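Now for the letters of each chain:
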Amino acid sequence: MFGNFALADQIAIICSLIDFKCRKELSNGTIIDERDYVSNLTSRIREEFKNQPFIRCHAQTLPSNKEKKFGVDGIMIFKIGNEFKAGIFEAKRPQVKVKDCKWDKLSTRKISHLSEQIVKQRVWKDELAVWEMFFNEADHGFESPPYDYFGSSCVWHENAYSFMYSEDLIFNRWTTEKLKKLLKYNGVNFYSIIYDIISCRAGKVYKVGRRENYLTVVNDNNPDTFLEIPVPTDINSENDERIPEFLAETGIESYLFIDLTQFNENIIESQ
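**A short note on the pairing of strand β8 (residues 254-259)**
For β8, the buried fraction is high: 6 of the 6 residues fall into the buried class. What you see with β8 is no split at all: S254, L256 and I258 on one side and Y255, F257 and D259 on the other are buried throughout. Pairing analysis gives 6 bridges linking strand β1 (residues 56-61) to β8, with the strands arranged antiparallel. Within β8, the residue paired with T61 across the bridge is S254. Summarising the sheet, strand β2 (residues 74-80) and β8 pair through 6 bridges and their orientation is parallel. Bridging across to β8, I77 finds its partner in F257.

The following block contains the structure:
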């Protein structure tokens, strides 16, 4: 196991509370869109953990107009000792209060944009924790279920991928009704996402690989396909040039790194 259940619970609670606050600010217009939401979510997690004893955290956001090579907006990396877990996610704001909102679109190839992103994510399904994250600007409790009562509504990649094919959403747009159907059977909250990553229910455990201060993630089915994720050398510095370079190269906009080593040791000692 990567992290024990007590650690997973404590970290997941903090992250989900920040998600609740971001949803409230999306509702009142302080947060204006999905990019703003992702940036606020990760930066506030960083600031919250900076106030927590024994947790080290680094976050950076890089606005990008490049094509998303892996079909995701953000990456989160967790470290305990010399082991790492990483997750990637795509964020969407379906504007749930707008009737028949066209929040998905067809590409120039007449393929659903969201479905294209889900297909791109698939290369990492066995290595990383991968999920879709749907932001909700409605008041808490709005049409819950299927939407999450307090925060974002999330779906693991595997469930979104299967649903995409079963509902013929390759050459057709995703709609709010389709999303609600998916969430009815497969929706989870942000707490569950973080809890499952840290407690090792999702994603593989890795160690720093081929290059020092880089986490090397290799696709087991294709060893030539790999991802080298920079690990901060100075957690207190906001000027690690390798991270914006990584974001620019991949098209990922948000990077969050959380070192739980000391925090985990204190939990184990107290048990």
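**Re the side chain of E137**
Positionally, E137 belongs in the loop between β4 (129-134) and β5 (153-156). Polar contacts involving the side chain of E137 include one to the main-chain amide nitrogen of V96, which spans 3.4 Å. Those residues in contact with E137 that lie beyond four places of it in its chain are L26, S27, R93, Q95, V96 and K97.

**Some words on the packing of aromatic side chains**
Scanning all chains against the criterion turns up 12 aromatic pairs. When the ring of F20 is compared with that of F150, the centres are 5.3 Å apart and the planes differ by 40°; the resulting orientation is tilted. Note that F20 is positioned in helix α1 (residues 5-28) and F150 in the loop between β4 and β5, a separation of 130 residues in sequence. With a relative accessible area of 24%, F20 lands in the partly exposed category.

**Let's talk about the sheet that holds strand β3 (residues 83-92)**
Reading across the sheet, the 6 strands line up as β1-β8-β2-β3-β4-β5 and stay open at both edges, with mixed pairing between neighbours. Sheet topology places β1 and β5 at the edges, where each strand pairs with a single neighbour. Between one strand and the next, the sheet's axes are offset by a mean angle of 20°, whatever the strand orientation. Each of β4 and β5 touches helix α5 (residues 176-186); the most contacted strand, β5, lies at about 75° to it. Packed on one face of the sheet, helix α6 (residues 190-198) meets β2, β3, β4 and β5 and runs near 40° to β5.

**Considering helix α4 (residues 157-166)**
Every buried residue belonging to α4 is among H157, A160, Y161, F163 and M164, and all of these are buried. For α4, the angular spread of buried residues about the axis comes to 165°, placing them on one side. On its buried face, α4 is in contact with α3 (113-121), β4, β5 and α5. Residue D168 follows α4 closely and has a positive phi angle near 55°.

So, how was this worked out
Residues numbered from 1 in each chain as written. Predicted model: local features only at pLDDT ≥ 70, side-chain atom pairs only at ≥ 80, totals over all residues. Heavy atoms only, no water. Buried < 20%, exposed > 50% of the residue type's maximum accessible area, 1.4 Å probe, protein only. Helix = DSSP H or I, 4+ residues; strand = E, 2+ residues; numbered from the N terminus. Pairing = 2+ DSSP bridges. Polar contact = N/O pair within 3.5 Å; in protein donor to acceptor, adjacent residues only side chain to side chain. Contact = heavy atoms within 4.5 Å. Phe/Tyr/Trp six-rings, centres within 6.5 Å; stacked < 30°, edge-to-face > 60°. Axes fitted to C-alpha atoms, helices over the stretch in contact; angles between N-to-C directions. Arc of directions from axis to C-beta.

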